[in-house]
Protein chains: 2
Amino acid sequence: MTATALKIPETFFHSKMFRGLGQEELGRLTQICQRRRAASGEYLIHQNSTAQNVYVVVSGIVMIERLSRAGRRQVISFAFSGDYIGFTNTDEFEYSVVCLSTTELQMFPRRALLEIIDQYPLLKSNARLMGGNVLAQAMDHLFAMGQKKAHERVCFLLDQIQRRQCGISKSEIDLVMSRQDIADYLGLTIETVSRALAKLSGMSVIEITNAHRIRILDRVQLEEMASVH
Amino acid sequence: MTATALKIPETFFHSKMFRGLGQEELGRLTQICQRRRAASGEYLIHQNSTAQNVYVVVSGIVMIERLSRAGRRQVISFAFSGDYIGFTNTDEFEYSVVCLSTTELQMFPRRALLEIIDQYPLLKSNARLMGGNVLAQAMDHLFAMGQKKAHERVCFLLDQIQRRQCGISKSEIDLVMSRQDIADYLGLTIETVSRALAKLSGMSVIEITNAHRIRILDRVQLEEMASVH
DNA sequence: CGACATATTGAGATGGCTCAATACCTGTGG
DNA sequence: CCACAGGTATTGAGCCATCTCAATATGTCG
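Residues numbered from 1 in each chain as written. Chains lettered and ligands numbered in written order. Predicted model: local features only at pLDDT ≥ 70, side-chain atom pairs only at ≥ 80, totals over all residues. Heavy atoms only, no water.

### Some details on the domain arrangement of chain A
All names here are of chain A.
Then, in step 1: Splitting chain A by domain gives domain 1 (4–137) and domain 2 (148–226).
Then, in step 2: Counting residues at the interface gives 15 residues for domain 1, matched by twelve residues for domain 2.
Then, in step 3: Counting the surface lost from both domain 1 and domain 2, the interface buries some 1,200 Å², and carbon and sulfur atoms represent 58% of this.
Then, in step 4: For the domain 1 face of the interface with domain 2, the top three residues by lost area are R73, F78 and F80, together amounting to 46%.
Then, in step 5: Counting the contacts that link domain 1 with domain 2 gives three salt bridges. (Domains from an automatic or database assignment. Contact = heavy atoms within 4.5 Å. Buried area = accessible area lost by both parts, 1.4 Å probe. Salt bridge = Lys/Arg side-chain N within 4 Å of Asp/Glu carboxyl O.)

Next up, the structure:
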């Protein structure tokens, strides 16, 4: 480790965005990066506000949601450690972002970040790939909503969380979000989500430790039902 | 008009991608651009193939679809004149693209196009904005699927087509796609689509001239039901 | 421990699906 | 020009998954 390396927060490496970067790039990024800690329930981004900052989740979980004038809500996605949010291409946000737990974040001024990304090919390629992931994820979600039954959609979410929930490769799932959040993500009602979980439990695919903790018993069957490919 | 201007196909101006560009940029683009004409039913892109080319629709309509191993299909979107397709960030396509009518296209080698875009700030900004549009569109679609009833989803599609169908600002809609395509786009069955259209006709929101031609009678109500904002 | 929010369970209503019959549209050959 | 065939769309009837509304249970925080 060189002296300069010490200045770079280790958490930079949590995101794919920063994978494989050299000292120079990381140095530039460190200069514009601010640490931020947000409480559960805190809004990082408000729908219709101007896009100023980009965040990278270091730890915790955030939820991206969208409200209509009619008062209906669609949850767009959940973001975990390493995911970035607010990296939009338009100048105004079309969604809100709220923390579901105490969350540590890196905050970058959007303009400055875009400039730096522009200057380093590897960073640019990383950014492109991550943008591609967001779109691929949206298509998966679309598929689940259009083609799958309630209990399959729940499998889709469980599978996703299990894959992306950082650190844990075990079969334990920490269901941080509320039933209403899940329902609004999957286009269902809370009652249907509850019943779907009960059904999966009855099928011995999962075990419900308590309302916010699930154990996967049959990963093969879960993936089968979750699959959008 | 200068002499060089004559070499540039007028159709370049149909897409937002090329809006506001100078002679130099257009010249570079013309060099790598190929014209292509595709028949109805022809596949431009196959799911899981390598991303080689980017297309811009000059005239006609294409459909972006995604198949699962289980044989289910989700239609991702329909693309009209001026839309580009295949401009993916990953190296492999996660969807297929098929023409719904005789279609004129511009074809660009993806790598070369990316390089040129990189060199011209305005072009880069255009590309970013168009990428943002794709995502915004996906979120709208997600919202419609998660929160709306059958007849509202149909309104969502009709409204979209009416806005994007090139040239026509009238209330006539040319429904090129089949009922199955519509159903797979909206997460419904063909029967439900049929009934939804009949219902809207009964409400005097639309008039069904024939299976593939719709007249909008009450645009306000249509937008109201279609709205995802 | 009690109060309030959140989740589960139950019962009935309903929107959308399935299966089946009919209608319409388009192209082909007599 | 008409008759017919094949594909596509509409309509009908019954069923089932999901929604709605209501009651109960569980969890959380003062």
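So that's the structure; there's more coming.
### What to know about the environment of I206(B)
Residue and element names in this part refer to chain B.
Then, in step 1: Along the chain, I206 turns up in strand β10 (residues 206–210).
Then, in step 2: Through-space distance from the C-alpha of I206 to that of D218 is 6.8 Å; in sequence the pair is twelve residues apart.
Then, in step 3: Excluding anything up to four places from it in sequence, I206 contacts L158, L197, L200, S201, I214, R215, I216, L217 and L222. (Helix = DSSP H or I, 4+ residues; strand = E, 2+ residues; numbered from the N terminus.)

### Focus on the sheet that holds strand β11 (residues 213–216) of chain B
Residues and elements named next belong to chain B.
Then, in step 1: Taken in spatial order, the three strands line up as β9-β11-β10 in an open sheet, and their pairing is antiparallel. With partners counted over all chains shown, the strands left at the sheet margins are β9 (172–174) and β10, one partner each. Neighbour-to-neighbour, the strand axes of the sheet open up by a mean angle of 25°, direction not taken into account.
Then, in step 2: Pairing of β10 with β11, which is carried by four bridges, proceeds in the antiparallel orientation. Across the sheet, E207 pairs through a bridge with R215, a residue of β11.
Then, in step 3: Against the sheet, helix α6 (residues 190–202) contacts β10 and β11, and its axis sits at roughly 120° relative to β10. (Pairing = 2+ DSSP bridges. Axes fitted to C-alpha atoms, helices over the stretch in contact; angles between N-to-C directions.)

### Here we look at the relation of the copies chain B and chain A
Then, in step 1: Note on the copies: chain B fits chain A at an RMSD of 0.0 Å, the axial shift is 0.0 Å, and the rotation between them is 180°. On this basis, the relationship between the two copies can be described by a two-fold rotation axis.
Then, in step 2: A shared interface surface links the copies, since 100% of the contact residues of chain B are contact residues in chain A too. (Least-squares fit on C-alpha atoms with pLDDT ≥ 70 in both.)

### Structural notes on the sheet that holds strand β7 (residues 96–99) of chain A
Hydrogen bonds between backbone atoms are what pair the strands of a sheet, whose relative direction is either parallel or antiparallel.
Then, in step 1: Pairing in this open sheet of four strands is antiparallel, and the strands run β2-β7-β4-β5 (chain A) from one edge to the other. Each edge of the open sheet is held by one strand with a lone partner, namely β2 (43–45) and β5 (73–79) of chain A. Each adjacent strand pair in this sheet contributes to an overall mean axis angle of 30°, direction not counted.
Then, in step 2: Examined bridge by bridge, strand β4 (residues 62–67) of chain A and β7(A) share four bridges and lie antiparallel to one another. Among the inter-strand pairings, I64(A) is bridged to a residue of β7(A), identified as V97(A).
Then, in step 3: Packed onto the sheet, helix α3 (residues 121–147) of chain B meets β4 and β5 of chain A and runs at close to 120° relative to β5(A).

### Brief notes about the packing of helix α5 (residues 179–186) of chain B against α6(B)
Residue and element names in this part refer to chain B.
Then, in step 1: One way to put it is that α5 packs onto α6 with a least axis distance of 8 Å and a crossing angle of 95°. What the angle tells us is that α5 and α6 run roughly perpendicular. Across from R179, Q180, I182 and A183 in α5, the residues of α6 making contact are I190, V193 and L197. (Parallel < 35°, antiparallel > 145°, perpendicular 65-115°, else oblique.)

### Digging into the pattern of salt bridges
Then, in step 1: Using the criterion set out here, one finds 34 salt bridges over all chains in the structure.
Then, in step 2: The residue R66(A) makes a salt bridge to D140(B) at a minimum N-O spacing of 2.8 Å. You can see R66(A) sitting in strand β4 and its partner D140(B) sitting in helix α3, one on each of two chains.
Then, in step 3: Between R163(B) and E223(B) there is a salt bridge, with its nearest N and O atoms 3.9 Å apart.

### Thoughts on the protein's contact with DNA strand C
Then, in step 1: Around DNA strand C, the structure places 16 residues, and the nearest of them are R179(A), S194(A), R195(A), A150(B) and T192(B).
Then, in step 2: When the atoms of DNA strand C within 4 Å of the protein are grouped by moiety, sugar and phosphate amount to 65% of the total.
Then, in step 3: One of the side-chain N or O atoms of E191(B) is found 2.9 Å from a base nitrogen in DNA strand C.
Then, in step 4: Interatomic distance of 3.1 Å between a side-chain N/O atom of R195(B) and a base oxygen of DNA strand C.
Then, in step 5: Residue assignment for the surface near DNA strand C shows that the elements contributing at least two residues are α6 (190–202) of chain A together with α6 of chain B.
Then, in step 6: Per element, the largest residue contribution to the surface near DNA strand C is four residues, and it comes from α6(A).
Then, in step 7: For the surface near DNA strand C, a count of residues per class yields four nonpolar, six polar and six charged. (Near = heavy atom within 4 Å. Polar contact = N/O pair within 3.5 Å; in protein donor to acceptor, adjacent residues only side chain to side chain. Nonpolar A, V, L, I, M, F, W, Y, C, P; charged D, E, K, R; others polar.)

### A word on the interface of chain B and chain A
Then, in step 1: Residue-level contacts link 37 residues of chain B with 37 residues of chain A.
Then, in step 2: For the pair chain B and chain A, the two sides together bury roughly 3,400 Å², of which 59% comes from carbon and sulfur.
Then, in step 3: When residues of chain B are sorted by the area they lose upon contact with chain A, R66(B), L142(B) and Q147(B) head the list and together hold 20% of the total.
Then, in step 4: Scanning the region where chain B abuts chain A turns up four salt bridges.
Then, in step 5: Ionic pairing is found between K124(A) and D118(B), a salt bridge with its closest N-O pair at 2.8 Å.

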